[in-house]
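# Topology and contacts: notes
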Amino acid sequence: MTLPDKEEIARALCSDKYDPTTGRLSTSLFKGPNTSVSRLAVIPLSDQWRKLAATVQKLPGRRLEKIGVIGVGQLRDIGAKYQANNKPAPVDIHVVAEPVASNAAHALIQEKLSDGLSNSINRALLQHPLPTGFDPETVPREIP
Amino acid sequence: MPPIVESPVSFSQLDFWRRTSLVGYRFNPQVTSWTETSTIPAGLPELVFAKLDNTAWQRFRDFSRWPDGWAGPGSHAIAWGTYLNLERFLDGSRFPTSRTPPSLFVSDEGFLGLQWEARNGTTVSVTLHPSGADYFIESEGAEGTVEDAEIPALAERLNRTLA
């Protein structure tokens, strides 16, 4: 099922693609293809923290640092207006529901995107810091 | 370019890496394919520290230990060719010491990314992989891919453009 433009999706920002020292987000964050995201319409942001911490922290050193949120419509709009090498290079971005056993809210951004387009999405991302008192290291890990 | 030793790191180097592990670094018993014996060009850790500073060096040390599957099915450990191309790029790169050093990232494919800001605050990124490098220079609206033999020229281009 293709997600409607009005839905919002969450992307886990982990230590491999977020540098907490500089605040930089990697241009590979949305590069894909098949970038995993989580639907806020299925699991609200307040409950995403434990869900994402349990599923993305598969080994020590990979830590959930933040959650980034963006609307599907906004994402698709950024793709449609993208320019690469100073020429229009529109990308028709599709976000589809792909529930898995460990996360009913799981969805995929299907396309492989360029570093430049991924960077444009990074700039539009609303970044949520860890809630006060929440330590992702204490969440039991779910490893498929 | 520093000499490249095409062999696994020595026991003494492995011991050094173990002894200097990050504080709080814990072994996860659920990870069964731990690969502390990843091959790394002998001079690369020193080059990373010299060019990128301590934060990137610590991240490099972390990432280099992650095995296949670290981000789920289809994710990969860093390949020898990626390390070689990182070494090629860093060997020819100059980053102004007056600015925040580049950040180091790893992609799900095991590619190593460097990212920093140009003087005007726009993003520059270079992603090293076994066959070359992808680059993105926001201020020029430029992005593309070069083969491994062209990596020194890419480094020089970025030195000239961004100095």
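It should be noted that the structure appears before, not after, this text.
Overview of the structure. On a predicted model such as this, the values are computed, not experimentally measured, just so you know.

Calculation rules
- Residues numbered from 1 in each chain as written.
- Chains lettered and ligands numbered in written order.
- Predicted model: local features only at pLDDT ≥ 70, side-chain atom pairs only at ≥ 80, totals over all residues.
- Contact = placed C-beta atoms within 7 Å.
- Helix = DSSP H or I, 4+ residues; strand = E, 2+ residues; numbered from the N terminus.
- Nonpolar A, V, L, I, M, F, W, Y, C, P; charged D, E, K, R; others polar.
- Expected span 1.5 Å × (residues − 1).
- Buried ≥ 20, exposed ≤ 12 C-beta atoms within 10 Å, placed from the backbone.
- Axes fitted to C-alpha atoms, helices over the stretch in contact; angles between N-to-C directions.
- Parallel < 35°, antiparallel > 145°, perpendicular 65-115°, else oblique.
- Left-handed = near helix turned anticlockwise from the far one by under 90°.

With that settled, the discussion passes to the interface of chain A and chain B. Facing 25 residues of chain A, the contacting portion of chain B comprises 29 residues. Elements with a minimum of two residues in the side of chain A that touches chain B: strand 6 (83-84) and helix 3 (115-124) of chain A. Of the residues belonging to the side of chain A that touches chain B, the class tally is 4 nonpolar, 12 polar and 9 charged.

This brings us to helix 2 (residues 44-63) of chain B. All names here are of chain B. Between its first and last C-alpha atoms helix 2 spans 14 Å; for 20 residues at 1.5 Å apiece the expected length is 28 Å, and the helix comes up short by more than 12%. All of the buried residues in helix 2 are Leu 44, Leu 47, Val 48, Leu 52, Ala 56, Arg 59, Phe 60, Asp 62 and Phe 63. As for helix 2, its buried residues are in contact with helix 3 (80-92) and strand 1 (103-106).

On to the packing of helix 2 of chain B against helix 3 of chain B, then. Residues and elements named next belong to chain B. As a packed pair, helix 2 and helix 3 sit with axes 10 Å apart at the nearest point and diverge in direction by 40°. Looking at the two axes, helix 2 sits oblique to helix 3. Where helix 2 crosses over helix 3, the two elements pack in a sense that is left-handed. On helix 3, the residues that touch Leu 44, Leu 47, Val 48 and Lys 51 of helix 2 are Tyr 83, Leu 86, Glu 87, Leu 90 and Asp 91. The class makeup of the residues in the contact of helix 2 with helix 3 is 6 nonpolar, no polar and 3 charged.

Another aspect to go through is unusual backbone geometry. Residue A:Pro33 is reached from A:Gly32 by a cis peptide bond, and omega for that bond is 5°. Counting through the fold element by element, A:Pro33 comes out in the loop between strand 3 (24-25) and strand 4 (35-39). You will see that A:Asn85, though not glycine, has its phi angle at about 50°, which is positive. Here A:Asn85 lies in the loop between strand 6 and strand 7 (87-88). Here the phi dihedral of B:Asp53 falls at roughly 85°; this positive angle occurs in a residue that is not glycine. Here B:Asp53 shows up in helix 2.

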